[in-house]
Amino acid sequence: MEYKYHIYSPYRVCPLGAHVDHQHGLVTGFAINKGVDLWFSPTDDGHVHLESRTFEGVVDFEVSKPSQVREFHWGDYARGAKYALRKRFELNRGIEGVIQGSLPVGGLSSSAAVLIAYVMAFARANDIKLQPFEIVKIASEAEREYIGLNNGLLDQACIALGQKEGLLFLDCDNNAYRIIKRSPQMPDFEIGIFFSGLTRSLVNSDYNLRVYECKTAAWNMLAYTDQPLKTFDKTFLRDIPKATFEKTRIAMPARFARRAEHFYSEYRRVRQGVTAWETGNLKLFGKLSFDSCESSIHNYECGSPELIAIYEIMRELPGVYGGRFSGAGFKGAVIALVDPSHKENIEKVLTQQYLEKFPEYETTFKVFWVKPDDGARFVNS
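As a starting point, this report considers the structure included with it. (Residues numbered from 1 in each chain as written. Predicted model: local features only at pLDDT ≥ 70, side-chain atom pairs only at ≥ 80, totals over all residues. Heavy atoms only, no water.)

## Points about the overall build of the chain
The secondary structure content of the chain amounts to 10 helices and 13 strands. Radius of gyration (C-alpha) of the chain: 21 Å, near the 21 Å computed for a compact globule of 381 residues. Taking the principal axes of the C-alpha coordinates as reference, the chain spans close to 60 × 55 × 45 Å. By residue count, 59% of the 381 residues in the chain fall in the buried class. Here the contacts in the chain between residues at least 6 apart in sequence split such that 72% fall between residues at least 24 apart. Approximately 16000 Å² of the chain is accessible, and the part contributed by carbon and sulfur atoms is 49%. (Helix = DSSP H or I, 4+ residues; strand = E, 2+ residues; numbered from the N terminus. Rg over C-alpha atoms; globule rule 2.2 N^0.38 Å. Buried < 20%, exposed > 50% of the residue type's maximum accessible area, 1.4 Å probe, protein only. Contact = heavy atoms within 4.5 Å. Areas by Shrake-Rupley, 256 points an atom, 1.4 Å probe, with all protein chains shown as cover.)

## Regarding the pattern of salt bridges
This structure, assessed with the given rule, holds 24 salt bridges. A salt bridge links arginine 79 to glutamate 71, with the nearest nitrogen and oxygen atoms 3.4 Å apart. Owing to a relative accessible area of 9%, arginine 79 belongs among the buried residues under this scheme. For arginine 79, the salt bridge goes to aspartate 76, with nearest N and O atoms at 3.4 Å. Of this pair, arginine 79 and aspartate 76 both sit in helix H1 (residues 76-86), separated by three residues, roughly a single helical turn. (Salt bridge = Lys/Arg side-chain N within 4 Å of Asp/Glu carboxyl O.)

## Some words on the sheet that holds strand E10 (residues 333-338)
In space, the four strands of this open sheet follow the order E9-E10-E8-E11, with antiparallel pairing throughout. The open sheet terminates on both sides in strands that have one partner only, identified here as strand E9 (320-326) and strand E11 (366-370). Mean inter-strand twist for the sheet, computed between neighbouring axes without regard to direction, equals 20 degrees. Here E9 runs beside E10; their pairing, made up of six bridges, is antiparallel. Note that in E10 the partner of phenylalanine 325 across the bridge is valine 334. (Pairing = 2+ DSSP bridges. Axes fitted to C-alpha atoms, helices over the stretch in contact; angles between N-to-C directions.)

## Some thoughts on the nonpolar core
Counting 124 residues, the largest nonpolar core has Tyr118, Ile191, Ile193 and Phe194 as its most contacted members. Here this core gets 13 residues from one element, more than from any other, and that element is helix H2 (residues 110-125). Beyond its immediate stretch of four places on either side in the chain, isoleucine 193 contacts Ile32, Leu103, Leu108, Ala333, Val334, Ile335, Lys366, Val367, Phe368 and Val370. (Core = buried A, V, L, I, M, F, W, Y, C linked by side-chain atoms within 4.5 Å.)

## Some words on the side chain of threonine 28
With respect to the element layout, threonine 28 can be found in strand E2 (residues 26-43). Within the structure, threonine 28 has its side chain in polar contact with the backbone oxygen of leucine 16 (distance 2.8 Å). Not counting chain neighbours up to four residues away, the residues in contact with threonine 28 comprise Val13, Cys14, Pro15, Leu16, Leu154, Leu167, Leu168, Phe169, Val270 and Val274. (Polar contact = N/O pair within 3.5 Å; in protein donor to acceptor, adjacent residues only side chain to side chain.)

## Some words on the environment of tyrosine 264
Topologically, tyrosine 264 is positioned in helix H7 (residues 254-278). Sequence separation between tyrosine 264 and leucine 237 is 27 residues, and the spatial gap between their C-alpha atoms is 8.5 Å.

## Remarks on the packing of H7 against helix H8 (residues 282-298)
At a minimum axis distance of 9 Å, the contact between H7 and H8 shows a crossing angle of 170 degrees. For the element pair H7 / H8, the angle class is roughly antiparallel. Listed contacts from H8 to Arg258, His262, Ser265, Glu266, Arg269, Gln272, Gly273, Ala276 and Trp277 of H7 are Leu284, Phe285, Leu288, Asp291, Ser292, Ser295, Ser296 and His298. Per-class residue counts for the contact of H7 with H8 are five nonpolar, eight polar and four charged. (Parallel < 35°, antiparallel > 145°, perpendicular 65-115°, else oblique. Nonpolar A, V, L, I, M, F, W, Y, C, P; charged D, E, K, R; others polar.)

## Considering the packing of aromatic side chains
Overall, the coordinates contain 20 aromatic pairs when judged by the stated rule. Taken together, a centroid distance of 5.3 Å and an interplanar angle of 25 degrees make the contact between phenylalanine 245 and tyrosine 264 stacked. Here the residue phenylalanine 245 occupies a position in helix H6 (residues 242-248), and tyrosine 264 occupies one in helix H7, the gap between them amounting to 19 residues. A single burial state applies to phenylalanine 245 and to tyrosine 264, both of which are buried. The ring of tyrosine 5 carries arginine 124 above its face, with NZ or CZ at 5.1 Å from the centroid. A cation over a ring is seen here: arginine 124 above phenylalanine 378, with NZ or CZ 3.8 Å from the ring centre. (Phe/Tyr/Trp six-rings, centres within 6.5 Å; stacked < 30°, edge-to-face > 60°. Lys NZ or Arg CZ within 6 Å of the ring centre and 35° of its normal.)

## Re the environment of alanine 78
Position of alanine 78 relative to the elements: it lies in helix H1. Between the C-alpha atoms of alanine 78 and asparagine 92, which are 14 residues apart in sequence, the distance is 15 Å. If near-sequence neighbours (up to four positions away) are discounted, alanine 78 is found in contact with Leu50, Phe61, Tyr118 and Phe122.

## Examining unusual backbone geometry
Within the chain, histidine 24 stands out as a residue other than glycine whose phi angle is a positive 65 degrees. With respect to the element layout, histidine 24 can be found in the loop between strand E1 (5-13) and E2. A positive phi is found at aspartate 127, a non-glycine position, where the angle reads about 55 degrees. In this structure, aspartate 127 sits in the loop between H2 and helix H3 (132-147).

## Some points on the pairing of strand E4 (residues 58-62)
Burial along E4 is one-sided: the residues Val59 and Phe61 are buried and none of Val58, Asp60 and Glu62 is. Relative to E4, strand E3 (residues 47-52) runs antiparallel, the two being bridged by five bridges. Its bridge partner being in E4, valine 48 is matched across the sheet by phenylalanine 61. The turn linking E3 back onto E4 is made up of five residues, and glycine 57 within it adopts a positive phi angle of 90 degrees.

## Focus on the pairing of E10
Most of E10 sits inside the fold, with six of its six residues counted as buried. The side-chain alternation of E10 yields two buried faces, one formed by Ala333, Ile335 and Leu337 and the other by Val334, Ala336 and Val338.

Right, here's the structure in full:
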């Protein structure tokens, strides 16, 4: 079938700024040249009919009616996009189309890429003009309020705002962002994506639990220093000076202190990383990404045995500038910034050593090579 429109919505990777967007921290990211394609045509009667080349089944609903509770099916993302848009706009026209992802799910924010594609599609069908950051906020709201994942804006911002020749730097406190162009002094690199073979669902992982632990750490600091408490939804580590943490870390339970330690150290790493990127120092930028992963393992306490094994193998390989867990870091994937001349050897040695430890993933472990790309867009329309 011929469809009128085609949206490409890329996946994303975050080299620095792990697990801090929900605490209003600083983050960096790239859109990459793999992602989600959505082909669609508007429908005048308001009906939505979607098929997937990745998942089984079809999706049918009416765009003008309120979204019901989640069905725990891939169609929830279309319903979530409709839900968030209907809070702001009247929707009368639906879409019929087909969606397809280009990489296995896990660690690249495929859910955010899908949501952004649907937000853009429903907006186009209903002649709604959205600025890129409006798309970011609407898609994030859909994921928080309808899908049930207490995320920040990192994923959506990378996907909607990314540029091929630059690094996105986003302050999740005031939503200020800029694209930092690559320095002419920076060596060439590609991004390795190493899938553990495990897939994962963030809502059912410890993702939301870690968010609550960060907020509890903030509450502890406020309580120990006799400051007024805010409601949980308005409590963020970013609002509490690091000096307060240094005074109170001994008093709070160790697990909460570790979560806060990750936040404050990651804030510093992102600041240093932005300077390294601006000056073309990919070696330092990569080291900071490795340090971020160490903190993710020991302070944030995420990472499955499989992910940790991939990380430990790759950091010893020639040609790997740096890298860390991708996404929430509970299953999913590990990413690395790599000298392209070493790709073949990295893939060979990493695959061999990983499968020696985890032979059960022989058919599902995958290595992909990608590059930074521009953000979500309409193709040939």
